[in-house]
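# Secondary and tertiary structure notes
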Amino acid sequence: MVDLTELKDHSPEQMEKVRALSPAADRYLSLLELTAKDFNQQLRQSRHRAWLKCVFATIFKSNTSQEICKYWSHETQKILAESWKHHGLETEDISLLSMGKLAAEELNLSSDIDLVLISRDEVSREALKKVRGFLHSLTEVGVFSFAYRVDLDLRPGGSSAPLVISFDQMTNHYGYQGETWERVALVRMLPTLGPADLNQKISEFCRKFAFRKHIDYTLLNDLFGMREKIQNSQPLTYKKNLKFSKGGIRDLELFIHSLLLIHGGKKPALID
């Protein structure tokens with residue numbers, strides 16, 4: 001990991017240039033000058049400081065895009081761990097799974113974060129209260145703005161499922177109702193917080209669900225259908241868009257993840 005330049009080490013001229021180019025950076029620099037009065041405000045200042053270091057590195061080209069995304073992903077994991085500990089979740093039998101760009105260390109400065117919460121058994125009311133506090137610390141909008149936009153819809157069962165899914169609920173869902181898009185989502189899955197044995201148990205099950213030794217040829221039809229659905233779901237203004245157009249970022253991601261699903265079960269080195 002390449003350390004990014006500390007904010008204090010930038011010249012006044014560089015500060016003014018960044019403030020002029022980015023209203024968000026200007027605002028966050030101003031917020032760092034205020035006194036944080038509680039945990040949530042301190043958390044936001046930590047987040048803003050890391051985000052600003054990435055912005056300076058981007059504007060002045062002191063680091064590569066890969067280094068910046070990796071740094072931002074690592075700093076985000078640290079902030080998640082701080083909130084997790086603050087709300088007492090270290091004593092609960094709950095695992096926090098990072099998904100998508102965060103798990104792959106590809107988080108960019110405008111991304112939301114995809115999270116899934118899995119408990120060993122049915123979650124208690126007290127534990128659920130802690131989880132809600134953890135999420136509130138990340139998403140609450142106040143004087144110091146917010147830390148992250150959090151997306152929980154990748155959990156088994158989607159938005160209609162409980163906030164925290166038990167391990168048995170997860171295995172039952174994937175075993176009887178699991179769809180190809182969920183296998184694709186698990187290509188980028190990383191247990192990041194929670195009991196080590198539960199994290200290992202989740203990893204082993206999800207790996208078997210996503211990466212199979214024998215190809216089910218319905219998988220190929222499903223993947224073609226996913227690509228068509230992605231293309232047809234975008235408005236006409238996105239037809240020439242770096243992210244959504246044919247051959248764009250979404251297409252490349254789906255192509256690479258499809259190859260991993262097809263070959264990962266027989267060649268574990270591809271996913272290790």
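Below, the structure is looked at part by part. Note that this is a predicted model, so its numbers are computed, not measured.

Another point: the overall build of the chain. Each helix and strand in the chain was counted, giving eleven helices and five strands. Computed over C-alpha atoms, the radius of gyration of the chain comes to 20 Å, within 12% of the 19 Å expected from 2.2 N^0.38 for 272 residues, which places it in the range of a compact globule. Judged by the C-alpha coordinates and their principal axes, the chain covers about 60 × 50 × 35 Å. Per-residue burial over the chain gives 46% buried out of 272 residues. Within the chain, counting contacts between residues at least 6 apart in sequence, those at least 24 apart form 71% of the total. A total of about 15100 Å² of accessible surface is found on the chain, and carbon and sulfur atoms cover 52% of it.

Here Asn-40 is to be found in helix H3 (residues 39–59). For Asn-40, a relative accessible area of 15% puts it in the buried group. There is a polar contact of 3.0 Å between the side chain of Asn-40 and the side chain of Glu-140. Sequence-distant contacts of Asn-40, defined by excluding residues within four places in its chain, comprise His-136, Ser-137 and Glu-140.

Below, the discussion takes up the side chain of His-10. Relative to the elements of secondary structure, His-10 occurs in the segment before helix H1 (12–21). Polar contacts involving the side chain of His-10 include one to the side chain of Gln-14, which spans 3.2 Å. Not counting residues within four places of it along the chain, the set of residues in contact with His-10 comprises Thr-5, Met-15, Phe-56 and Phe-60.

On to the environment of Lys-130, then. Summarising the element assignment, Lys-130 is placed in helix H6 (residues 125–139). Leaving out residues up to four positions away in the same chain, Lys-130 has contacts with His-87, Gly-88, Leu-89, Thr-91 and Glu-92. Here Gly-88 takes part through its backbone oxygen, which lies 3.4 Å from a polar atom of the side chain of Lys-130.

Glancing now at the pairing of strand E2 (residues 113–119). The buried fraction of E2 amounts to seven of the seven residues, a majority that puts the element mostly inside the structure. Covered by surrounding structure in E2 are Ile-113, Leu-115, Leu-117 and Ser-119 together with Asp-114, Val-116 and Ile-118, the residues of both alternating faces. Where strand E1 (residues 94–99) and E2 come together, six bridges link them in antiparallel fashion. Its bridge partner lying in E2, Leu-97 is registered against Val-116. Sheet topology places E2 next to strand E3 (residues 150–151); two bridges connect them, and they run parallel. Paired with Asp-114 across the strands is Asp-151, a residue of E3. For the crossover that starts at E2, traverses H6 and ends in the parallel E3, the hand is right-handed.

Moving on to the environment of Ala-185. Turning to its location among the elements, Ala-185 is positioned in helix H8 (residues 180–185). Using a relative accessible area of 17% as the deciding quantity, one classes Ala-185 as buried. With residues up to four places along the chain from it excluded, the contact list for Ala-185 reads Met-99 and Leu-154.

With that settled, consider the pattern of salt bridges. Enumeration according to the criterion identifies eleven salt bridges in this entry. The partner of Lys-101 in a salt bridge is Glu-253, and the shortest N-O contact between them spans 4.0 Å. On the criterion of sequence distance, the pair formed by Lys-101 in helix H5 (residues 100–103) and Glu-253 in helix H11 (residues 249–263) is long-range, its members being 152 residues apart. The exposure class of Lys-101 is partly exposed, given its relative accessible area of 24%. Across the pair Arg-188 and Glu-253 runs a salt bridge, and its minimum N-O distance is 3.7 Å. Here the residue Arg-188 occupies a position in the loop between H8 and strand E5 (189–193), and Glu-253 occupies one in helix H11, the gap between them amounting to 65 residues. Each member of the pair, Arg-188 as well as Glu-253, is classed as buried. Connected through shared salt-bridge partners, Lys-101, Glu-106, Arg-188 and Glu-253 make up one network.

Cut-offs applied
Residues numbered from 1 in each chain as written. Predicted model: local features only at pLDDT ≥ 70, side-chain atom pairs only at ≥ 80, totals over all residues. Heavy atoms only, no water. Helix = DSSP H or I, 4+ residues; strand = E, 2+ residues; numbered from the N terminus. Rg over C-alpha atoms; globule rule 2.2 N^0.38 Å. Buried < 20%, exposed > 50% of the residue type's maximum accessible area, 1.4 Å probe, protein only. Contact = heavy atoms within 4.5 Å. Areas by Shrake-Rupley, 256 points an atom, 1.4 Å probe, with all protein chains shown as cover. Polar contact = N/O pair within 3.5 Å; in protein donor to acceptor, adjacent residues only side chain to side chain. Pairing = 2+ DSSP bridges. Right-handed = clockwise from strand over helix to strand, strands pointing away. Salt bridge = Lys/Arg side-chain N within 4 Å of Asp/Glu carboxyl O.

These figures come from the coordinates and say nothing about function on their own.
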